[in-house]
Amino acid sequence: MNIGIGIDTGGTYTDAVVYDFAKEEILGTAKALTTPHDLAQGILQALDALPQEPVKQAQVIALSTTLATNACVQDRGGRAKLIFLGGIRKVIDAYGGEYGLPPADDMYLQDSHTTFAGDTDGQMDWDTFVAAVDSDFGDLDGVGIVEANAVRNSAVIEKKAKELVLARHDVPVVCGHELFNELNSLQRGASALLNARLVPVIRSFLNAIRAALAARDIAASVVIVRSDGGLMSEEFAHIRPVETLLCGPAASVLGSARLTGEANCIVVDMGGTTTDIALVNNHVPVQVVDGVRVGKWKTFVNGLFVHTFGLGGDTAIHYHNEQMHLEDYRVMPLCVTAQQYPQVLDNLRALNAEGIRHTRFLHEHYLLTRDIADSPRYSDEEKAFCDALKAGPLSLRQAGQVIPGRDMYNLNLTRLIRDGVVQMCGLTPTDIMHIRGDFADYSLEAATLAAQFVADNLNMSVEALCDRVYDEIKRRMYTHIVRALLEHQDPYYRRHGVGRETERLIDQCYEQARAGGGHRPLSLHFTTDFVLTGVGAPIRVFLRDVAAMLGTRAVTPPHYEVANALGAVVGNVVATSTVEIRPIIDDVDTDAYRVFGSSATRSFRTKEEAEAFAVADAAQAARVEAIRRGATGEVTVTSSLSDHEAQARHSMVYLGTRATARAVGAIGLGAR
């Protein structure tokens, strides 16, 4: 049998699908809770729930995950540093934040003595560089290196800097030129730094996969979905984890498209932490124009057009000044926590028996997910707090009593939560769904008790709180779908984003759509002909109403809740390469062309010669890249040329040509 297994690990659930490629048939599905303290446990539970006979015959394990996406949205990840050679401090501080870069003081900067044309105007001081690397780069999870003009000088400075860092530190190091060949050094720097931050996130995931497969004696090749929907090998993912930035959303688009067969649709994937919106136009997933953006990060990662925002089944529900609001981050639902730790239920009962109101979220608990007793990174106070959590979760008030001299008002757990050592547990939409009867797997009593405390602090009933939460979820879903459509359809919004005035207009349209009919001086409506297709366990509760407000219909096909896992296993390896041709305009050569190739930079007298070299160079680079990513057997390469011109006063001026090659292959099972 020609069998593959798709596994998707999200912030809340781990899904699995076993798939017959020859029959194009799903043989079994499974869903288990993700176990952040040991990802292998959740993966094993999902694998064990699949039909075991085809599992034993699996030849490939295809993975997708939202772990990288969630880390970006919640601004988490490993400890990393960017070496920016040739970076200008004023430019970085003025514009770097637009790409997610930290202030220049948090990077290592040094003049590289290179020019935009690819030449040098001096020698870099490597002795100073080595001294800095020796003293400032310990205790890191990853290092990114970018040189301002690497695209023009074959990255000679980046390559030597990497060699010197690796000679002194046992730490993953990736250079900007290894990731992307675009000119914008700030965006390349953001991509390289984010790659370094994601190294431990993806390494932990891949190690857990290997541990689970070894425990069940499953001998199969492992691949993982990239942000553009293609696949890459396990080895490649270890080096370039930033390529998994929209891995989960990309898999959901592929899986949804396979399940529904809809030609034009808006894929809405609601997980535990985030909701992802993507578009399929005439059966083809829409690609992003100039690099993936997630959270504060603007990168050069090639990917599908995906609009991601913080909203999921595990989104924290909070209150302030008698106003309910949903946070952008996830917590563990108290209904789930109490199912595993009965003392949480006792704490919630006692809290509600007091009948008090409080500005602090006294219903929330803290849970230990990772032992840090032997880690030198953390303070004695942080270790003492984690030691207290080994007996089980603590409420906020209990946590405030653990450390002498501290209380719940001055307890600082920011680093422990950011690093994933401690997990917050609180009221979430998943708890609300239990109360409303839309979900019933965990402790209804815990959900109700937590909702009662929050409702009391909002001066409303539990029923009214449930209505408010459901309405806010639908509002956010509606407004973000409209935003995604505007950004896709209008270059202005794509470039500048949706401003406050437009957001207000979208909110007004939502209120009118929710209210339905009635007489008003001015009616405002956003509608779409695209069908809304749902992915993810919670989506069925909300999507139909949102679709009606947008004048369309909702589709939630069979197996919609595991579409990500299916999407992972039906992909191919895809690699692209671009080569730029620029006219040479000076006193000597008034009609010549320079090609900035992947293998070399060369000049030609005629455009035809330049184009021939550029196409061949791009095709070879794409083929090599596809093989690096794990493609085996026949690799198909297609190429194209596109000219770039600008309007002058009386005519069009030729600016250059871009040669693009796309290589497609498969890993072990033939192209699918």
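Small disclaimer: the values here were computed from a predicted structure and weren't measured.

**Student:** Residues and numbers for the pattern of salt bridges, please.
**Tutor:** Tallied over the entire structure, the rule returns 39 salt bridges. Measuring nitrogen to oxygen at the nearest pair gives 2.8 Å for the salt bridge that ties Arg216 to Asp48. Here Arg216 is found in the loop between helix H8 (185–215) and strand S9 (221–225), whereas its partner Asp48 is found in helix H1 (residues 39–48), with 168 residues between them in sequence. Arg216 gets classed as partly exposed once you look at its relative accessible area, which sits at 37%. One salt bridge in this structure joins Arg168 and Asp134, with 3.2 Å as the shortest N-O distance. With Arg168 in helix H6 (residues 156–168) and Asp134 in helix H5 (residues 126–136), this pair connects stretches of sequence that are 34 residues apart. Note on Arg168: relative accessible area 35%, which makes it partly exposed. What makes Asp134 partly exposed here is its relative accessible area of 47%.

**Student:** Break down the packing of helix H12 (residues 342–354) against helix H17 (residues 444–457) for me, with residues and values.
**Tutor:** Axis separation between H12 and H17 bottoms out at 10 Å; the angle between their running directions is 35°. For the pair H12 and H17, the crossing hand works out as left-handed. Each of Leu345, Leu348, Arg349, Leu351 and Asn352 in H12 lies in contact with H17, whose residues at this interface are Glu445, Ala446, Leu449, Gln452 and Phe453. Along the lines of polarity and charge, the residues of the contact of H12 with H17 split into six nonpolar, two polar and two charged.

**Student:** Account for the nonpolar core, with residues named and values stated.
**Tutor:** Grouped together as the largest cluster of nonpolar side chains are 111 residues, with contacts concentrated most on Ile5, Ile7, Leu47, Ile61, Leu63 and Phe84. Here the element with the most residues in this core is H8; it accounts for 14 residues. Beyond its immediate stretch of four places on either side in the chain, Ile7 contacts Thr14, Asp15, Ala16, Ile43, Leu47, Ile61, Ala62, Leu63, Ser64, Ile209 and Ala565. Within the second largest apolar cluster, 94 residues are counted, among which are Val268, Leu351, Leu458 and Leu486.

**Student:** Tell me about the sheet that holds strand S20 (residues 365–368), and please be specific about residues and values.
**Tutor:** One open sheet accounts for four strands, arranged S19-S22-S20-S21; its pairing is mixed. Where the open sheet ends on each side, the last strands, each with one partner, are strand S19 (332–333) and strand S21 (394–395). Pairing between S20 and strand S22 (residues 422–426): four bridges, direction antiparallel. If you follow His365 over to S22, its bridge partner there is Cys425.

**Student:** Quick rundown of a nonpolar patch on the surface? Include the residues and the values.
**Tutor:** On the surface, Ile88, Val91 and Tyr95 cluster together into a nonpolar patch covering about 280 Å² of accessible area. Take Tyr95: it is sitting in helix H4 (residues 89–95). Under the relative-accessibility criterion, Tyr95 is labelled partly exposed at 46%.

**Student:** Outline the packing of aromatic side chains, listing residues and values.
**Tutor:** Geometrically, a pair of aromatic rings is defined through the distance of the ring centres and the angle of the planes. Following the criterion strictly, the structure yields 12 aromatic pairs and no others. Seen from their ring centres, Tyr108 and Phe137 are 6.4 Å apart, and the 75° between their planes marks the pair as edge-to-face. Separated by 29 residues along the polypeptide, Tyr108 in strand S6 (residues 108–110) and Phe137 in the loop between H5 and strand S7 (142–147) bring together distant segments of the chain. According to the relative accessible area criterion, Tyr108 is buried, its value standing at 12%. Of the aromatic side chains, those joined through ring pairs into one cluster are Tyr108, Trp126, Phe129 and Phe137. Across the ring face of Phe137, the terminal group of Lys81 is positioned such that the distance to the ring centre comes to 5.2 Å. For the cation-ring pair, Arg602 lies above Phe613, with the distance from its terminal atom to the ring centre recorded as 5.0 Å.

**Student:** Tell me about the sheet that holds S7, and name the residues and values.
**Tutor:** The strand order across the open sheet formed by four strands is S6-S5-S7-S8, and the pairing between neighbours is parallel. At either margin of the open sheet sits one strand with a lone partner, and together these are S6 and strand S8 (173–175). On average, adjacent strands in this sheet sit at an angle of 15° to one another, irrespective of strand direction. Bridge analysis of S7 against S8 gives three bridges, and the strand direction is parallel. Bridge pairing in S8 places Ile145 opposite Cys175. The strands touched by H5 are strand S5 (80–85) and S6; relative to S6, the strand with the most contacts, the crossing angle is about 175°.

**Student:** So what's going on with the side chain of Gln423? Residues and values would help.
**Tutor:** Assignment of secondary structure puts Gln423 in strand S22. Here Gln423 falls in the buried class, since its relative accessible area comes to 13%. At a separation of 3.4 Å, a polar atom in the side chain of Gln423 contacts the side chain of Arg330. Beyond its immediate sequence surroundings of up to four residues, Gln423 is in contact with Arg330, Val331, Met332, His365, Tyr366, Leu367 and Thr369.

**Student:** How would you summarise unusual backbone geometry if you had to cite specific residues and measurements?
**Tutor:** At Glu322, a residue that is not glycine, the phi angle is positive and equals roughly 60°. Considering the arrangement of structural elements, one finds Glu322 in the loop between strand S17 (315–320) and strand S18 (323–330). On the basis of relative accessible area, Glu322 is assigned to the partly exposed category, the value being 43%. You will see that His559, though not glycine, has its phi angle at about 70°, which is positive. Along the chain, the position of His559 falls in the loop between strand S24 (554–555) and helix H22 (563–569). Using a relative accessible area of 31% as the deciding quantity, one classes His559 as partly exposed.

**Student:** Any details on the pairing of strand S29 (residues 652–666)? Residues and values, ideally.
**Tutor:** As paired elements, strand S25 (residues 573–584) and S29 share nine bridges and run antiparallel to each other. Counted as the bridge partner of Glu580 is Arg658 from S29. In this structure, strand S28 (residues 632–647) lies alongside S29, joined through 13 bridges in antiparallel fashion. When the sheet's bridge partners are listed, Thr632 is paired in S29 with Ala666.

**Student:** Can you explain the pairing of strand S12 (residues 275–281)? Please cite residues and give values.
**Tutor:** Across the seven residues of S12, six count as buried, placing the element largely inside the fold. Sheet topology note: the strand S11 (residues 265–270)/S12 ladder contains six bridges and is antiparallel. Counted as the bridge partner of Val268 is Ile277 from S12. In sequence, S11 turns back onto S12 through a hairpin of four residues. Direction of pairing for S12 relative to strand S16 (residues 306–309): antiparallel, over a ladder of four bridges. Residue pairing for S16: Ala278 is matched across the bridge by Val306. Where S12 meets strand S13 (residues 284–285), two bridges bridge the pair, whose relative direction is antiparallel. Among the inter-strand pairings, Val280 is bridged to a residue of S13, identified as Pro285. What sits between S12 and S13 in their antiparallel hairpin is a turn of two residues, with Asn282 showing a positive phi close to 55°.

Calculation criteria
- Residues numbered from 1 in each chain as written.
- Predicted model: local features only at pLDDT ≥ 70, side-chain atom pairs only at ≥ 80, totals over all residues.
- Heavy atoms only, no water.
- Salt bridge = Lys/Arg side-chain N within 4 Å of Asp/Glu carboxyl O.
- Helix = DSSP H or I, 4+ residues; strand = E, 2+ residues; numbered from the N terminus.
- Buried < 20%, exposed > 50% of the residue type's maximum accessible area, 1.4 Å probe, protein only.
- Axes fitted to C-alpha atoms, helices over the stretch in contact; angles between N-to-C directions.
- Left-handed = near helix turned anticlockwise from the far one by under 90°.
- Contact = heavy atoms within 4.5 Å.
- Nonpolar A, V, L, I, M, F, W, Y, C, P; charged D, E, K, R; others polar.
- Core = buried A, V, L, I, M, F, W, Y, C linked by side-chain atoms within 4.5 Å.
- Pairing = 2+ DSSP bridges.
- Patch = residues over 30% accessible without salt bridge, like charges linked within 9 Å, V, L, I, M, F, W, Y side chains within 5 Å.
- Areas by Shrake-Rupley, 256 points an atom, 1.4 Å probe, with all protein chains shown as cover.
- Phe/Tyr/Trp six-rings, centres within 6.5 Å; stacked < 30°, edge-to-face > 60°.
- Lys NZ or Arg CZ within 6 Å of the ring centre and 35° of its normal.
- Polar contact = N/O pair within 3.5 Å; in protein donor to acceptor, adjacent residues only side chain to side chain.

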